[in-house]
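The lines below spell out each chain.
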Amino acid sequence: MGSTNSTLSKIPNVEELMRETGFSPAHIVRLYDRFESLDKEKTGHLRPEDFGAINRLAMNPIGDRIIGAFFSSGQDTVDFHSFVRILAHFRPAENNRPRDPSLPEPVNSRISKLKFAFQLYDLDKDGKISRAELLQVLRSMMEMQVTEEQLESIADRTIQEADLDRDDAISFEEFRKSLEKVNIDHKMSIRFLR
Ligand SMILES: [Ca+2]
Ligand SMILES: [Ca+2]
């Protein structure tokens, strides 16, 4: 534990960060080591190109979009605290643990995960997944295995099934409803940090 404590002591407001994200001290230390190894120039910040070193992310069909989520606030660098907060979305939810209702929604709750997944698709951030956006994500996921025609029919079918108000786009509510029975942790098992 000695080295765990010495690493933790280097991170400002680490207690608050753990409370907010639910990561254990051992997790935080592992993430810190990971962050340090990606931060080759030791600036304390990562840029989008630093994420290219994460192989599993590079091989993930929506890897670019996940990297984009780290920089969604319009900034071109991410510090350790923001890095950890984004990664907390990938932590499995603790369904059995009673939650204090006065606390804000934890980032790894089902609804937070759905919001995170939704913004990976909603490229122009207008709050709706359009047919073109869906097609773009599908294309990057299924490259080479299917024809453009098949892709278009998958996109049309997906929209038809989810689009309750018939505006040819998927709102967050529609997205949430269509994924109601799907295990989102399984869907989002992007274990590039393990
Ligand atoms: Ca959109
Ligand atoms: Ca709709």
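Everything that follows concerns the structure shown earlier in this document.
Just so it is clear, the model here is predicted, and its values are computed rather than measured.

Thresholds, definitions, all that
- Residues numbered from 1 in each chain as written.
- Chains lettered and ligands numbered in written order.
- Predicted model: local features only at pLDDT ≥ 70, side-chain atom pairs only at ≥ 80, totals over all residues.
- Heavy atoms only, no water.
- Helix = DSSP H or I, 4+ residues; strand = E, 2+ residues; numbered from the N terminus.
- Buried < 20%, exposed > 50% of the residue type's maximum accessible area, 1.4 Å probe, protein only.
- Contact = heavy atoms within 4.5 Å.
- Areas by Shrake-Rupley, 256 points an atom, 1.4 Å probe, with all protein chains shown as cover.
- Axes fitted to C-alpha atoms, helices over the stretch in contact; angles between N-to-C directions.
- Parallel < 35°, antiparallel > 145°, perpendicular 65-115°, else oblique.
- Left-handed = near helix turned anticlockwise from the far one by under 90°.
- Nonpolar A, V, L, I, M, F, W, Y, C, P; charged D, E, K, R; others polar.

1. Notes on the overall build of the chain
Point 1. A tally of regular secondary structure across the chain gives 11 helices and 4 strands.
Point 2. Counting the 194 residues in the chain, one finds 38% classified as buried.
Point 3. Contacts in the chain between residues at least 24 apart in sequence constitute 56% of all its contacts with a sequence separation of at least 6.
Point 4. As displayed, the chain offers around 11,800 Å² of accessible surface, 50% of which is attributable to carbon and sulfur atoms.

2. A word on the side chain of Ser 112
Point 1. Following the sequence through the fold, Ser 112 ends up in helix H7 (residues 110-121).
Point 2. In this structure Ser 112 comes out as buried when scored by relative accessible area, which is 13%.
Point 3. The residues touching Ser 112, leaving out its near neighbours within four places in the chain, are His 89, Glu 105, Pro 106 and Val 107.

3. A closer look at the packing of helix H5 (residues 63-70) against H7
Point 1. The contact between H5 and H7 brings their axes to 9 Å, and the two run at 115 degrees. Judged by the angle between their axes, H5 and H7 are roughly perpendicular. Along this stretch, H5 crosses H7, giving a crossing that reads as right-handed. For the pair formed by H5 and H7, the contact residues are Arg 65, Ile 66 and Ala 69 on the first element and Phe 116, Gln 119 and Leu 120 on the second.
Point 2. By residue class, the composition of the contact of H5 with H7 is 4 nonpolar, 1 polar and 1 charged.

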